[in-house]
Amino acid sequence: MSYTLHTIQQWYPEDDWFWERTGKKIANRNLKISICCLLLSFCVWMLFSIITIHLNAIGFHFSNTQLFLLTAIPSISGAILRVPYSFVIPIFGGRFWTAFSTFILIIPCLWLGYAIKNPTTSYSEFVLIALLCGLGGANYASSMANISFFYPKAHLGAALGLNGGLGSLGVSVIQLVTSFIIFLPMFDEKWILLANGQKIWLQNAALIWVPILIVLSAIALWKMNDLPGIKASFKLQSVVLKDKMMWILSLPYLATFGSFIGFSAAFAMLSNTLFPEINITYLAFWGPLIGVLARPIGGVFADKFNGIYMTLINYILMIILVISVFLSLPNILSIEGSFVGFYSAFLLMFFIAGLGSGSTFQMIATIFRQHVIDRLTLKGVNQTLATRNAMTETAAALGFISAIGAIGGFFIPQIFSLSLLLFNSVYYALIVFILFYIICTIITKFSINK
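Along each chain, the written sequence defines residue order, and numbers are assigned to residues from 1. The model is predicted, so local features are restricted to residues of pLDDT at least 70 and side-chain atom pairs to those at 80 or more, both for listing and for counting; the totals for chains, interfaces and linings are taken over all residues. Each side-chain value is worked out from all heavy atoms of the structure, with water and hydrogens disregarded.

1. Digging into the environment of Ile 35
In plain terms, the rule: Secondary structure counts use DSSP, requiring at least four H or I residues in a row for a helix and at least two E residues in a row for a strand, with both numbered from the N terminus. The criterion used for residue contact is that any of the two residues' heavy atoms lie within 4.5 Å.
With respect to the helices and strands, Ile 35 occurs in helix H1 (residues 16-45). Linking Ile 35 and Ala 429, residues 394 residues apart in sequence, is a C-alpha distance of 34 Å. Among residues more than four places away in sequence, those in contact with Ile 35 are Leu 162, Asn 163, Leu 166 and Gly 167.

2. Considering the packing of aromatic side chains
Both the distance between ring centres and the angle between the ring planes are used here to describe each pair of aromatic rings. Quick reminder of the rule: Aromatic rings from Phe, Tyr and Trp, taking only the six-membered ring of Trp, are treated as a pair when their centres fall within 6.5 Å; an angle between ring planes under 30 degrees marks them as stacked, one over 60 as edge-to-face, and anything in between as tilted. Relative accessibility under 20% of the residue-type maximum defines a buried residue, over 50% an exposed one, and the middle range a partly exposed one, all with a 1.4 Å probe and only protein chains included.
For the structure shown, the criterion picks out 37 aromatic pairs. Measuring from centroid to centroid gives 5.9 Å for Phe 267 and Phe 342, while their planes differ by 15°, and the two rings are stacked. With a gap of 75 residues between them, Phe 267 in helix H13 (residues 244-274) and Phe 342 in helix H16 (residues 339-378) connect regions that are remote in the sequence. The same class applies to Phe 267 as to Phe 342, namely buried.

3. Focus on empty space enclosed by the protein
Keep this limit in mind: Computed over the protein atoms alone on a 1 Å grid, cavities are sets of points where a 1.4 Å probe fits but cannot get out and pockets are open sets with protein on both sides within 12 Å along at least five of seven lines; a residue lines them when it has an atom within 4 Å of a point. Grid points are joined across faces, edges and corners, and a volume is the space filled by probe spheres set on the points.
Across all of its chains, the model carries 2 cavities of 30 Å³ or more by this definition. Taken as a whole, the largest cavity holds about 80 Å³ of empty space. Along the walls of the largest cavity sit Ser 34, Cys 37, Leu 38, Ser 41, Ile 89, Trp 97, Thr 98, Ser 101, Thr 102, Asn 139, Ser 142 and Ser 143, which together make up its complete lining.

4. Quick look at the pattern of salt bridges
The condition is simple: Salt bridge, as applied in this entry: a Lys or Arg side-chain nitrogen positioned within 4 Å of an Asp or Glu carboxyl oxygen.
According to the stated counting rule, one finds 2 salt bridges in the structure shown. A salt bridge links Glu 20 to Lys 24; its shortest N-O distance comes to 3.1 Å. Of this pair, Glu 20 and Lys 24 both sit in helix H1, 4 residues apart, roughly one helical turn. A salt bridge links Asp 226 to Arg 95, with the shortest nitrogen-to-oxygen separation between them at 3.7 Å.

5. Here's the deal with the environment of Ile 401
Considering the arrangement of structural elements, one finds Ile 401 in helix H17 (residues 383-406). By relative accessible area, which is 0% here, Ile 401 ends up buried. Beyond its immediate sequence surroundings of up to four residues, Ile 401 is in contact with Met 246, Leu 249, Ser 250, Tyr 253 and Ile 364.

6. Some remarks on the packing of helix H2 (residues 47-55) against helix H9 (residues 169-181)
The condition that has to hold: For helices, the fitted axis covers only the stretch in contact; all axes are lines through C-alpha atoms, and the angles between them, taken along N-to-C directions, range from 0 to 180 degrees. Helix crossings are classified by the rotation of the near helix relative to the far one: an anticlockwise turn of less than a right angle makes the crossing left-handed, while a clockwise turn makes it right-handed. Just so you know the grouping, Ala, Val, Leu, Ile, Met, Phe, Trp, Tyr, Cys and Pro go in nonpolar, Asp, Glu, Lys and Arg go in charged, and all remaining residues, Gly too, go in polar.
Contact pair H2 / H9: the axes reach a minimum separation of 8 Å and the direction vectors enclose 35°. Crossing geometry of H2 relative to H9 is assigned as right-handed. Residue-level contacts link Leu 47, Ser 49 and Ile 50 of H2 to Ile 174, Gln 175 and Thr 178 of H9. Residues belonging to the contact of H2 with H9 are distributed by class as follows: 3 nonpolar, 3 polar and no charged.

Here you go:
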């Protein structure tokens, strides 16, 4: 194996001798840096999921509909941007792109920190910042694609599970860190009184990440590697868009990861709306944390049991838990509702959604890579070339599927918001979710099993 600066000229992960002697150490180093960068990316992506519940308390005057939209906007921009991000690694290289895509997240953090301190900041300006926060969500596609090139098939599921699972910790970390950091005078002497008289420095939630982003960008540029053997144009990778299997496999990920990221974005705001007497600031992070920790467990289950059946069981459990949330709301079993029942049901939903996102993503990576190898082999392509093309196509497919999954982060908050706006209730939103999981169960059973 030889290097040209940070570029590795020869890379044979499927060769056991090469992997144990050299490949594993290099791959694991790149994986560790990737996880840290992705975790920060998720923190920036989910900034508005926790900031929105404090904006009106510090002097802004936004409606619930506007606040729910702010929690959802980063997910839609993140989902859209995941499409081009799915193809960038073979074009620009993993080292450069990881460093660059991490560094530019400084822009929404600095802008949001300034906007929060300025009481005249318009809603449209917050919308623009929220769109830029979506860059953090887009990083998931390029990060997963990049790591998929470093590992052999035997270790691919575990590597993707660690990268995606630990990276997704950012969803919980941002809510946990924010619940404490906003009460410390870190960056200036100015402060604003909340309604209960407590001092708050909400801008800290955005500014705290700036120095960390700078350091990690430098580490990525210095310590990560590029693999030129996987260079490919957009045209060569876009063939996955014509593959029926990719579209079929995107459905279980939308229903699992889409649920996880959507509930993560909406939960704090939803709780604050339905149970305003409860201070959700110190409770919101537990759901995303449980979901993230469940993800690697889902990966283990996917390896041990049939991934398709795991996905079907996941849908059924989600239906049951949505019904549980339904029964805990005000005016169902009691006039006031039950926050304990509501919170408990959501914690279990986070767990099941995290479990499902772990099992489905590993199932998708394994199934699609083998699907491409089989397709190319039938066309007469030799095994070595088929395997190499399968790696490139799988990376592109994973990124595109992740983009579809991220759309859940937009639609779930918006469905809650629309239900509240039109009917002054979230009952109808929950009915939509139940119907969606039923449809997913039917399609998954009869499509993937064919």
